[in-house]
There are 2 protein chains.
Amino acid sequence: MSESMKGLKRTHRCAELDSANVGKIVTVMGWVQKSRNKGGIIFVDLRDRSGLLQIIFEEADAGSENFAKAEKLRAEFVVAVVGRVEQRAGGINKNLKTGEIEIRATELRILSESETPPFPIEENSKTKEDLRLKYRYLDLRRPDLQRNIIMRSKAAAVIRNFLSEEGFLEIETPILGKSTPEGARDYLVPSRVHPGNFYGLPQSPQLFKQLLMCSGYDRYFQIAKCFRDEDLRADRQPEFTQVDMELSFVDVDDVIEVNERLLARLFKEIIDLDVQLPIPRMTWQEAMDRFGSDKPDTRFGMELQDVSDVVKDCEFVVFKGALEDGGSVRGINAKGQGSMPRKKIDALVKFARDYGAKGLAYIAIQEDGTVKSSFAKFMKDEEMRALIKAMGGENGDLLLFAADKNKVVYDVLGALRLELAEKMELIDKNKFNFLWVTEFPLLEWSDEEGRYTAMHHPFTMPMEEDLQYLDSDPGRVRAKAYDIVLNGTEIGGGSVRIFQNHVQEKMFEVLGFEKEDAYERFGFLLNAFKYGVPPHAGLAYGFDRLIMIMAGMDSIRDVIAFPKVKDASCLMTDAPNVVDAVQLKELGIDIAEEEQM
Amino acid sequence: MSESMKGLKRTHRCAELDSANVGKIVTVMGWVQKSRNKGGIIFVDLRDRSGLLQIIFEEADAGSENFAKAEKLRAEFVVAVVGRVEQRAGGINKNLKTGEIEIRATELRILSESETPPFPIEENSKTKEDLRLKYRYLDLRRPDLQRNIIMRSKAAAVIRNFLSEEGFLEIETPILGKSTPEGARDYLVPSRVHPGNFYGLPQSPQLFKQLLMCSGYDRYFQIAKCFRDEDLRADRQPEFTQVDMELSFVDVDDVIEVNERLLARLFKEIIDLDVQLPIPRMTWQEAMDRFGSDKPDTRFGMELQDVSDVVKDCEFVVFKGALEDGGSVRGINAKGQGSMPRKKIDALVKFARDYGAKGLAYIAIQEDGTVKSSFAKFMKDEEMRALIKAMGGENGDLLLFAADKNKVVYDVLGALRLELAEKMELIDKNKFNFLWVTEFPLLEWSDEEGRYTAMHHPFTMPMEEDLQYLDSDPGRVRAKAYDIVLNGTEIGGGSVRIFQNHVQEKMFEVLGFEKEDAYERFGFLLNAFKYGVPPHAGLAYGFDRLIMIMAGMDSIRDVIAFPKVKDASCLMTDAPNVVDAVQLKELGIDIAEEEQM
């Protein structure tokens, strides 16, 4: 059965009604959440995106025909109901926005029937995600997912309105772009008109937004689709959304200032959170030294301590060796964990090894002041005492040390700190700690490629005072780059850009690009730089991740309407799929032999 | 030379200043439009996106160092200037927003120099488009192009705000989708994880937006990138932007109503035009009969007249034959063109042939009432008189007739009508005539494919009263489809959708799809229809074309920041381009032998 809605017009969404409407005749439409016959009265919970509304059918009001139809209603049927708003007879339901009222139905149309869905449409579904993704159109009916998608839509609107007020223009940049093999892997699109040639889908609108600054657009933004053909992790998707912006005639502080106000507006309007401005700032070096991370979670302490000086004369070869190799010895103090069983400590050692440590030294201070330690035998008593003191160690504390190259020490202790905080339940989930991390290194050495690579991207401006080291000591050069971190997650980042051609060419040289090669890839940008470029800077947020955090979700799939899974496929549409041979022929491409079946 | 802007902060954009600011010390930054030394005073026109501002440098105020720098300024240098706002000494320039003032400079920094650009940065550029597109970053500096891009940005904002107010949610749908070979050619993206498989870039979010209705989102919109791998015409691009929307629990009138208010708001806010509501409506049949077009330009008359009845008994074989074949004879009256020279009439005959006519019959009524005609000799005098009378022919008029199958007659006279109107200058360019065209045929016969194809798309709802003809006479079935036409251009279109599975399956059957095939392509939609679907309908605007019309441009390339040219390449970035062999190897594809060099 599928009746027409002809002659009916919806007057309200379900949860737009309340006791102020009592007495009114209304027409509502939606999905049957549940239906039950209780003593000759049929109770239906009707659902639409606004919420639930109780409908009651009694034969005396609805007439026998409508009542008979109502008896057939099952979950997910789509219906239109005409009726009168009444105070709820059966007592108020405080869990429901519409809990004070109900609709006494006088007319019912079944617009669409439903088979029994493969899983119930309800909050906090326990159904396996794969099944939910296959039936994403049903999964998306669940109120929690609807709240996320609606939040996402509202957040985009708040961002757009704020940026418009601030003089930013939203300008669309191409999706069919040029493949530039620096950074992650591009998705490619074969050209039919130019066989053997390919478009690249953009990993970000970086070059285009810089060109727009060259063109005088002054303030640009875009909520832009970006693409990376990488192996997926839990919080990655082959296509993702960036809130991307660029400003002319600005320096670091200007970008930070406008973005702080943006964040404050966004979090206030979407989750009613007051963001304290200004947001604290920390240099990259300080973040690494104190938290072992360039995106520190500052909701709790347990900071790293550099004890290199304290142990520099000891005989423990692990410490000694690390220091001799130019590394360091650092520790964290897990307060009150001194009595952790050996097995759990061993698990921490294994955890540390997974992050690249050769081992993990520890001092477990018992409640009675005695000490268990993996390396006490190599240390003099006074050295141990000095070490404990330097770590602020008290009875009952567990001190954990890593000794290695700085990078390894940071990685290990940074990860260990988060792991312990989770276990020790140190993290206040209601806190929203924002932090700017600034003065990133411009370059990082890649053992794999045997050259420096850009930490941010090749267009990032070095700090003026470090320009002198670009040739002699490139690793020392800091960049005018900044990340915005929320509760230990990087939600955005950006930089001041190089706007002088000679600096940009120098940068490519340091990165080991042949000049020819750089022009082949980025020639249009380098050429643009010949015709008057304003100083400019920008920032981009990972929009999916930002909404994930605001919505309190653990996966970005919960804030994307139609996400893909780990192998970059869509379980609902079965994309990617095999296409007709004629399509490939038109594109002038073949499936490589070894891939054919 | 490239000075830092350190210590300076821009206080105003150039054209934000006016005589209210006289006496203030300001800092402005921008591009040198022109610079000239007149008797020891240097006059500089400074440009940013807001407009032009005159700066004057005198050595007494600026100091010798700044003055020396100012002497070196050339077009497109980027500078920062500190100075005092003064009433303009040299008289008011009424062409300029800032024409009453000038800045007396006290400090100058040259932030970036410029080589001489390959073409001047000026309005109404006479430079060849190819050169401008190669240097698009310079082309985009031109004020007329900037106005277009800014208008586009504002229009998007107006649309978004209106739709948000109306309860629409903007929801992003995937770019990496499934290739569904119905309609135009898809762009394909090879999958690395699933070699031999491909994503398709969406031609529109059609299926996803219908799924969102199934999911209860009620009102969806998106300003969405869409892709079609077609050979490009002047007003087409491989990627283009749609304002896409879909509504649940609505019928034709609801969609039209909200879109009329949207158009009224948009045109009022962007070009200060009052759109008279309601917008007139016309059925497809009436549009064809009166204007020979499904997107009639109603800014002028010259409507088609069906004279089949008048000539049905004549002996002129062209007329007779057409009528016997089930066609018609129709004419238009080009008022006052009766004295058109024979050569020009012949050109019209040729024009008609290009549109598929076998010929074009004419009656040229001279000012003295005598008649020149290509077919008078086949007609009786009274037949001619009756024909002229039926056409409202008066002395000095030119009557043109086509006789053929209806489709050909419509095409020919529809095109001829526009051609003549252009030549006769009948079109008031200041008029904005909106028109809804409704009740389109559901299907059209494709000689090429030997089957009916969907005129709109396969998800369009037939009109209830015509459902009965779906089997017996499919060509007769009208659809709940509607286009919105502005000045003879279709700016948008949509339809009520099929929401009953059995109707959708029937539709696929009429289109000649095997059931299996339909499920292979659209199975997720057909499956979704099993679980409770609301009646729904939608509409999409071609955003590029809409902005083109509002901006008064002739090409959508003038309203797209980085457009592609006819062969779908980007002259600035050289996309598409050849990629590394390793990239193709990872994707498991080869360039077909015959394409390799």
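Rules used throughout
Once a new chain begins, its residue numbering starts again from 1 and follows that chain's sequence as written. Whichever chain is written first is A, and whichever ligand is written first is 1; the rest continue in order. Whole-chain, interface and lining totals are the exception, using all residues; otherwise, since this is a predicted model, local features are given only for residues with pLDDT of at least 70 and side-chain atom pairs are given and counted only at 80 or more. The side-chain figures draw on all heavy atoms in the structure; neither hydrogens nor water molecules are used. Strands qualify as paired when DSSP identifies two bridges or more between them. Per the convention used, a helix needs a DSSP run of H or I reaching at least four residues, while a strand needs a run of E reaching at least two, with both numbered from the N terminus. Residues count as neighbours in contact if any of their non-hydrogen atoms are within 4.5 Å of one another. Angles here are taken between N-to-C directions and fall from 0 to 180 degrees, while the axes themselves are lines fitted to C-alpha atoms, restricted in helices to the stretch in contact. Superposing copies: least-squares fit, C-alpha atoms only, residues required to have pLDDT of at least 70 in both. The domain boundaries here were taken from an automatic or database domain assignment. Simply put, the buried area is the total loss of 1.4 Å probe accessible area from both parts when two parts are fitted together. The salt bridge criterion pairs a side-chain nitrogen of Lys or Arg with a carboxyl oxygen of Asp or Glu, the two atoms within 4 Å. Between N or O atoms, a polar contact is any pair within 3.5 Å; within protein, one atom must be a potential hydrogen donor and the other a potential acceptor, and residues adjacent in sequence are included only when both atoms are from side chains. Residues are grouped as follows: Ala, Val, Leu, Ile, Met, Phe, Trp, Tyr, Cys and Pro are nonpolar; Asp, Glu, Lys and Arg are charged; every other residue, Gly included, is polar. Two joining distances apply to patches: 9 Å for like charges and 5 Å for nonpolar side chains (Val, Leu, Ile, Met, Phe, Trp, Tyr), and every residue must have over 30% relative accessible area and no salt bridge. Here the accessible surface of atoms and residues is derived via Shrake-Rupley with a 1.4 Å probe, and residues count as covered only by protein chains that are part of the display. Charged residues are defined here as Lys and Arg on the positive side and Asp and Glu on the negative side; His and the ends of the chain fall outside this count. Here the site of a charge means NZ on Lys, CZ on Arg, CG on Asp, or CD on Glu. Each residue gets one of three labels from its accessible area relative to the maximum for its type: buried under 20%, exposed over 50%, partly exposed in between, using a 1.4 Å probe on protein chains only. The span one expects for a helix is its residue count, reduced by one, times 1.5 Å.

## Overview of the sheet that holds strand β14 (residues 361–365) of chain A
Residue and element names in this part refer to chain A.
- Read from one edge of the open sheet, five strands run β12-β13-β16-β14-β15, paired in antiparallel fashion. Each end of this open sheet is capped by a strand with a single partner; those strands are β12 (305–306) and β15 (371–373).
- Bridging between β14 and strand β16 (residues 398–404) involves four bridges; their strand directions are antiparallel. Within β16, the residue paired with alanine 361 across the bridge is phenylalanine 401.
- Strand contacts of helix α9 (residues 317–324): β13 (328–334), β14 and β16, with the helix running at about 45° to β16, the strand carrying the most contacts.

## With respect to the relation of the copies chain B and chain A
- Each copy of the sequence occupies a distinct position, and chain B is placed on chain A by a rotation of 180° and an axial shift of 0.0 Å, giving an RMSD of 0.1 Å. Taken together, the rotation and translation describe the operation of a two-fold axis.
- With an isologous cut-off of 70% or more, the 100% of interface residues of chain B that recur at the interface of chain A puts this contact in the isologous class.

## Digging into the domain arrangement of chain A
Residues and elements named next belong to chain A.
- Domains assigned within chain A are domain 1 (14–112), domain 2 (121–274 + 537–597) and domain 3 (300–427).
- When the two sides are added together, the surface that domain 1 and domain 2 hide from each other amounts to roughly 430 Å², 44% of it contributed by carbon and sulfur.
- On inspection of domain 1 and its partner domain 2, the count reaches one salt bridge.
- The salt bridge partner of glutamate 76 is arginine 141, with a shortest N-O separation of 2.8 Å.
- Counting across the interface, domain 1 meets domain 2 through two residue pairs in polar contact (both at pLDDT 80 or more).
- For the side of domain 1 that touches domain 2, the secondary-structure elements that each account for two or more residues are β1 (25–38) and β2 (41–48).
- Residues that form the side of domain 1 that touches domain 2 fall into these classes: one nonpolar, one polar and four charged.

## What to know about the interface of chain B and chain A
- Each partner contributes residues to the interface: chain B has 128 residues there, and chain A has 128 residues.
- Both sides of the chain B and chain A interface together cover about 11,000 Å² of buried area, and 57% of this is carbon and sulfur.
- Linking chain B to chain A there are 16 salt bridges.
- Taking the shortest distance from any N to any O, the salt bridge between A:Arg13 and B:Asp218 comes out at 3.2 Å.
- In this assembly, chain B and chain A are joined by 67 residue pairs in polar contact (both at pLDDT 80 or more).
- Residue contributions to the side of chain B that touches chain A peak at eight residues, all from helix α4 (residues 143–165) of chain B.
- Considered class by class, the residues forming the side of chain B that touches chain A number 60 nonpolar, 29 polar and 39 charged.
- Relative to strand β23 (residues 589–591) of chain B, strand β23 (residues 589–591) of chain A runs antiparallel, the two being bridged by three bridges.

## Examining a negative patch on the surface
- On the surface, A:Glu514, A:Glu516, A:Glu520 and B:Asp574 cluster together to form a negatively charged patch.
- In this fold, B:Asp574 is placed in the loop between α16 (543–550) and α17 (581–587).
- For B:Asp574, a relative accessible area of 51% puts it in the exposed group.

## Observations regarding helix α6 (residues 252–271) of chain A
- Counted at 1.5 Å a residue, the expected span for α6(A) with its 20 residues is 28 Å, and the 28 Å between its end C-alpha atoms agrees.
- In the stretch just after α6(A), A:Asp272 is the one whose phi turns positive, near 55°.

## Some points on the environment of B:Tyr452
All names here are of chain B.
- Turning to its location among the elements, tyrosine 452 is positioned in strand β19 (residues 451–454).
- Linking tyrosine 452 and valine 510, residues 58 residues apart in sequence, is a C-alpha distance of 7.2 Å.
- Apart from residues lying up to four places away in sequence, tyrosine 452 is in contact with Leu443, Glu444, Trp445, Pro474, Gly475, Val510 and Leu511.

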